[in-house]
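Here is what each chain is made of, one letter per residue.
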Protein chains: 2
Amino acid sequence: MKLGFIGTGVMGGPIAQHLLDAGNELYVYNRTKAKTDSLVANGATFEDTPAQIAQQANIIFSMVGYPSDVEAIYFGEEGIFSRLTAGKIVVDMTTSTPTLAVKIADAAKKMGAAALDAPVSGGDVGAQNATLTVMVGGDQETYERVKPLFEKVGQSVHLFGEAGKGQHTKMANQIMIAGTMTGTVEMMVYAQHAGLNMTDVLATLSSGGAANWSMANYAPRILKGDYTPGFFAKHFLKDLRIALDEADKMHLKLPATALAKQLYETMVDDKQLGDDGTQGLIKIYENM
Amino acid sequence: MKLGFIGTGVMGGPIAQHLLDAGNELYVYNRTKAKTDSLVANGATFEDTPAQIAQQANIIFSMVGYPSDVEAIYFGEEGIFSRLTAGKIVVDMTTSTPTLAVKIADAAKKMGAAALDAPVSGGDVGAQNATLTVMVGGDQETYERVKPLFEKVGQSVHLFGEAGKGQHTKMANQIMIAGTMTGTVEMMVYAQHAGLNMTDVLATLSSGGAANWSMANYAPRILKGDYTPGFFAKHFLKDLRIALDEADKMHLKLPATALAKQLYETMVDDKQLGDDGTQGLIKIYENM
């Protein structure tokens, strides 16, 4: 199959490699060309613009940074839609806005093409090990055509409804994690100041009603002073902003999520710690 | 062994029964006498005051509602300390303040007795099935003497340090749960308004980085409209107030926990829903 992949960074790179390994013909584009080098060495073809990717490939994947980047690669001058033709499929795997996902799907439909939104969770490790969770929005028929490709990179792949529903599911996921992250960090700040043995506390809390993935994975890293990103704080902040914008459009108030966003703003914008992992949030509590 | 148990409610009742089943001589007191009836029918002896319990028993357990109740049964006119003698042990299993736990330990020590603070997690089901988590503070020697009794009711029993450290560990547990509960509730509010299939969302979120005990246990109950208490909202609010008071004494700011407390105040104080379970928090989002 002729596939395109736009955005071959820490997430997109390994995903593209899995698609290549599965025997597909792969056309790649990345703003920083060097990040496509290993894929090209393994047989992929570099193209100079998203438009050329859209011309060469039948199914075009994208995984870039921010919704503004998605907007640019789809609707920009040398963007995908400048060259997309009927029968092709675009798949945005960026965590982006449900609203933009609907806009892309509408634009694709108008030219006889189709679109899926397919954000993932599971991080760089999940991308490397092909154990991602893929949350898909779009029509059933298009989903069925792309599903075998998703299954090359994900162990949990599910269609949540029409365009935008994949992004909405990812937002629900991030809202949940806002709670487990702020809880984990504040629990640790309290327990450390109370003079508790953290290893004992974590063992006990993990065995009961307080158990959660964030605590299990990030609390031990914090104890070792390891703030390297499993997931970049700046990207999590982006996600929370999207979630709250969408909530606002639905006339919903989510005060705990809004507070988590404020705390990550302090970390990312004020303290310039956006390249730390999400567990670095604990640093803002030092002189709070 | 001659044991005393003060406060034989939804938690204390089953715990006292396990201690009785283990072959101990049991003296019981409860403000509402009827709640001791089944224990008395099974061989326990009712006493009219905490003071008389302290006189009859060598190890006296207490599990009541609020710190003010703990204060009353220990330091009140017919309280435990009016009749406690050297060599005896008092064990407060109420979730109460670390500060009060230290005060009780100091008072016990002055009369040649000893004290443990030993709050639990695991709820009424844990109490019935003897699968509680017991978080203990006090000296090692006293702990070793009472440990075999804790093991009759708990599957995870641990000494976290001197007096007050059991309560501090329980506070850490509740701070963590404040995050998982607000996150679970706001995730559900968002996902439901976004028109997602909640069963699918929960299955997907549970398999990744958003996974947590509160979501796994309470989200399905919310979907069924089941707000019966696994844990009373009014008691959780009490715990969050204690946690934040203690944080304040340590000059710590815990903004996410403080917000969770505010949200539970809206539920318990403004909406009078304190007898619902903690999952009832979602009701305050309806017209927020």
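Keep in mind the model is a prediction, meaning the values are calculated, not measured.

### Notes on the relation of the copies chain A and chain B
Under the fitted operation, chain A is carried onto chain B by 0.0 Å of movement along the axis and a turn of 180°, and the coordinates agree to an RMSD of 0.0 Å. Such values leave the two copies arranged in the relation of a two-fold axis.

### A look at the UniProt feature "active site" (unreviewed entry) in chain A
All names here are of chain A. Here the UniProt feature "active site" (unreviewed entry) sits at Lys-170. Within the secondary structure, Lys-170 sits in helix α8 (residues 165-193). Residue Lys-170 is classed as buried on the basis of its relative accessible area, which comes to 4%. For Lys-170, the residues in contact, after removing those within four places along its chain, are Thr-95, Pro-119, Val-120, Met-135 and Asp-239.

### Focus: the packing of helix α11 (residues 233-249) of chain B against helix α12 (residues 255-270) of chain B
All names here are of chain B. Running from N to C, α11 and α12 cross one another at 145°; their axes reach a closest spacing of 9 Å. For the crossing formed where α11 meets α12, the hand is left-handed. Counting all contacts with α11, which are made through Ala-233, Lys-234, Phe-236, Leu-237, Leu-240, Arg-241 and Leu-244, the residues of α12 involved are Thr-257, Ala-258, Ala-260, Lys-261, Tyr-264, Glu-265, Met-267, Val-268 and Asp-269. When the residues that make up the contact of α11 with α12 are grouped by side-chain class, the tally is 10 nonpolar, one polar and five charged.

### A word on the packing of aromatic side chains
The tally for this structure, following the rule as stated, stands at 16 aromatic pairs over all chains. When the ring of Trp-213 of chain A is compared with that of Tyr-218 of chain A, the centres are 5.9 Å apart and the planes differ by 80°; the resulting orientation is edge-to-face. Pairing Phe-231 of chain B with Phe-236 of chain B gives two aromatic rings, centres 6.2 Å apart and planes at 75°, and the pair type is edge-to-face. Overall, Phe-231 of chain B belongs to the partly exposed group, its relative accessible area being 26%. Members of the aromatic cluster, joined through ring pairs, are Phe-5, Phe-61 and Phe-150 of chain A. Residue placement shows Lys-238 of chain B over the ring face of Tyr-66 of chain B; its charged tip is 5.8 Å from the ring centre.

### Let's talk about the nonpolar core
In this structure, Met-187 and Tyr-264 of chain A together with Met-187 and Tyr-264 of chain B are the most contacted members of the largest nonpolar core, which totals 97 residues. With residues up to four places along the chain from it excluded, the contact list for Tyr-264 of chain B reads Met-181, Ala-233, Phe-236, Leu-237, Leu-240, Asp-269, Thr-278 and Leu-281 of chain B. If you look at the next biggest cluster of nonpolar residues, it comprises 55 residues, including Ile-6, Val-28, Ile-60 and Ala-114 of chain B.

### Remarks on the interface of chain A and chain B
The interface of chain A with chain B comprises 56 residues on the first partner and 56 residues on the second. Both sides together, the interface formed by chain A and chain B hides about 4,600 Å², and carbon and sulfur atoms give 71% of it. At the junction of chain A and chain B, the tally comes to 12 residue pairs in polar contact (both at pLDDT 80 or more). Every element with two or more residues in the side of chain A that touches chain B is listed here: β8 (132-136), β9 (154-159), α8, α9 (198-206), α10 (213-223), α11 (233-249) and α12 (255-270) of chain A. The dominant element in the side of chain A that touches chain B, judged by the number of residues it contributes, is α8 of chain A, at 20 residues. Residue classes in the side of chain A that touches chain B are distributed as 31 nonpolar, 20 polar and five charged.

What counts and what doesn't
Residues numbered from 1 in each chain as written. Chains lettered and ligands numbered in written order. Predicted model: local features only at pLDDT ≥ 70, side-chain atom pairs only at ≥ 80, totals over all residues. Heavy atoms only, no water. Least-squares fit on C-alpha atoms with pLDDT ≥ 70 in both. UniProt positions renumbered as here; feature names shortened; annotations may be inferred. Helix = DSSP H or I, 4+ residues; strand = E, 2+ residues; numbered from the N terminus. Buried < 20%, exposed > 50% of the residue type's maximum accessible area, 1.4 Å probe, protein only. Contact = heavy atoms within 4.5 Å. Axes fitted to C-alpha atoms, helices over the stretch in contact; angles between N-to-C directions. Left-handed = near helix turned anticlockwise from the far one by under 90°. Nonpolar A, V, L, I, M, F, W, Y, C, P; charged D, E, K, R; others polar. Phe/Tyr/Trp six-rings, centres within 6.5 Å; stacked < 30°, edge-to-face > 60°. Lys NZ or Arg CZ within 6 Å of the ring centre and 35° of its normal. Core = buried A, V, L, I, M, F, W, Y, C linked by side-chain atoms within 4.5 Å. Buried area = accessible area lost by both parts, 1.4 Å probe. Polar contact = N/O pair within 3.5 Å; in protein donor to acceptor, adjacent residues only side chain to side chain.

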